[in-house]
Amino acid sequence: MGTTFSTIGIFAKHNDDGVTRTLHALTADLLGRGKRVLIDDSHSAADYGVIACPRSELGAASDMVVVVGGDGTLLDAGRAVAAHGVPLLGINLGRLGFMVDVLPDDMKTTFDDVFAGNYIAEARLMITARLKPAGDDLDTEGVLAINECVVRNQAFARVLDFDTYMNGDFISHHRADGMVIATPTGSTAYALSGGGPVMHPGMNALALVPICPHTLSDRPLIVDAHHEIEIHVAHTIEGGALYTSDGQVSQGLAAGDSVVVARAPYDLHLIHPPGYDYFNILRNKLHWGRGQQATGV
């Protein structure tokens, strides 16, 4: 791979002593390699001898963004920079680490490989969720999500009545706690805990996973990601509903409102170190085959 990474952006988790230690090691390594290093301006650039950059400009200004934290930090960073096509490399300081897959102790070796062009590049589809207020036009501004868009009742432990549509065609009426519309990346997140399937990240598909449905036959549905999905909240709802993107960005919904979900116009680009194996991550994180040995082929 011939890409030259001259300017490296850093997007890091806040208020974490482990992050501070890792940032000192990371910036020293990158500066020692002669890289121009930017850091999102919520951190003190002077503490690390690098350049402060507003997070809204980090994607456009960088050739690669290094994310220091957990998967949640990468989701936040990805939504901020994905429109610029800049790839992200994750340093794992979190617990699960489905997406941030480089340990701090392995940073130097990983950068040796990456800057020599020895890495695995991957594109993950993203979605946008747009609000369609009752009796009004669809919002032009969409909220990005890498994992999922969730629609649920704002009231705790109250069911939500809603309808689902695909490209304007009616799918079904639902009574449930809500609905998760997950990307393949998000299939191992909220959707998985709701009984949804694991989807390989290379798939062009979305999973519609009802949350605690009141009908046992209301099962997860897989559709092509090029289709547009609409969730229409019933006019009879008491109180309000809520939709969230990646569990981090939320907006209220009123009776009769809809959320329209479609594939985003660009993908999230990730960089993995050599030897990256998606199924090995699943085996380790989900404990597949624990106590068993492969029979071989």
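The rules behind these values
- Residues numbered from 1 in each chain as written.
- Predicted model: local features only at pLDDT ≥ 70, side-chain atom pairs only at ≥ 80, totals over all residues.
- Heavy atoms only, no water.
- Salt bridge = Lys/Arg side-chain N within 4 Å of Asp/Glu carboxyl O.
- Buried < 20%, exposed > 50% of the residue type's maximum accessible area, 1.4 Å probe, protein only.
- Helix = DSSP H or I, 4+ residues; strand = E, 2+ residues; numbered from the N terminus.
- Polar contact = N/O pair within 3.5 Å; in protein donor to acceptor, adjacent residues only side chain to side chain.
- Contact = heavy atoms within 4.5 Å.
- Phe/Tyr/Trp six-rings, centres within 6.5 Å; stacked < 30°, edge-to-face > 60°.
- Pairing = 2+ DSSP bridges.
- Axes fitted to C-alpha atoms, helices over the stretch in contact; angles between N-to-C directions.

## Some words on the pattern of salt bridges
For the structure on display, the rule yields 11 salt bridges. Of the charged contacts in the structure, one is a salt bridge between D29 and R33, with a shortest N-O distance of 2.5 Å. Using a relative accessible area of 28% as the deciding quantity, one classes R33 as partly exposed. With a closest N to O distance of 3.7 Å, D76 and R79 form a salt bridge. Of this pair, D76 and R79 both sit in helix α3 (residues 71-81), separated by three residues, roughly a single helical turn. Here D76 falls in the partly exposed class, since its relative accessible area comes to 23%. Overall, the relative accessible area of 14% leaves R79 in the buried class.

## What about the side chain of T183?
With respect to the secondary-structure elements, T183 resides in the loop between β12 (178-182) and α5 (190-193). Within the structure, T183 has its side chain in polar contact with the backbone oxygen of I146 (distance 2.6 Å). The contacts of T183, once residues within four sequence positions are left out, are L125, I127, I146, N147, M199, A205 and L206.

## A short note on the packing of aromatic side chains
A complete count under the given rule lists four aromatic pairs for this structure. Measuring from ring centre to ring centre gives 5.8 Å for F5 and Y119, while their planes differ by 55 degrees; the resulting arrangement is tilted. Here F5, found in the segment before β1 (7-12), pairs with Y119, found in the loop between α4 (107-115) and β6 (120-124); they are 114 residues apart in sequence, far enough to count as distant. Both residues of the pair, F5 and Y119, belong to the buried class. Centre to centre, the rings of F111 and F115 are 5.5 Å apart; their planes meet at 15 degrees, and the pair counts as stacked. You can see F111 and its partner F115 sitting in helix α4, four residues apart, about one turn around the helix.

## Points about the sheet that holds strand β14 (residues 221-224)
Strand order across the open sheet formed by six strands is β14-β13-β12-β9-β16-β17, with antiparallel pairing between neighbours. Of all the strands in the sheet, just β14 and β17 (249-253) have a single pairing partner and so form its edges. Within this sheet the neighbouring strands show an average axis-to-axis angle of 20 degrees, counted without direction. As judged from the five bridges shared by strand β9 (residues 148-153) and strand β16 (residues 241-245), these two strands associate in the antiparallel manner. The residue bridging R152 from the neighbouring strand is L242, located in β16.

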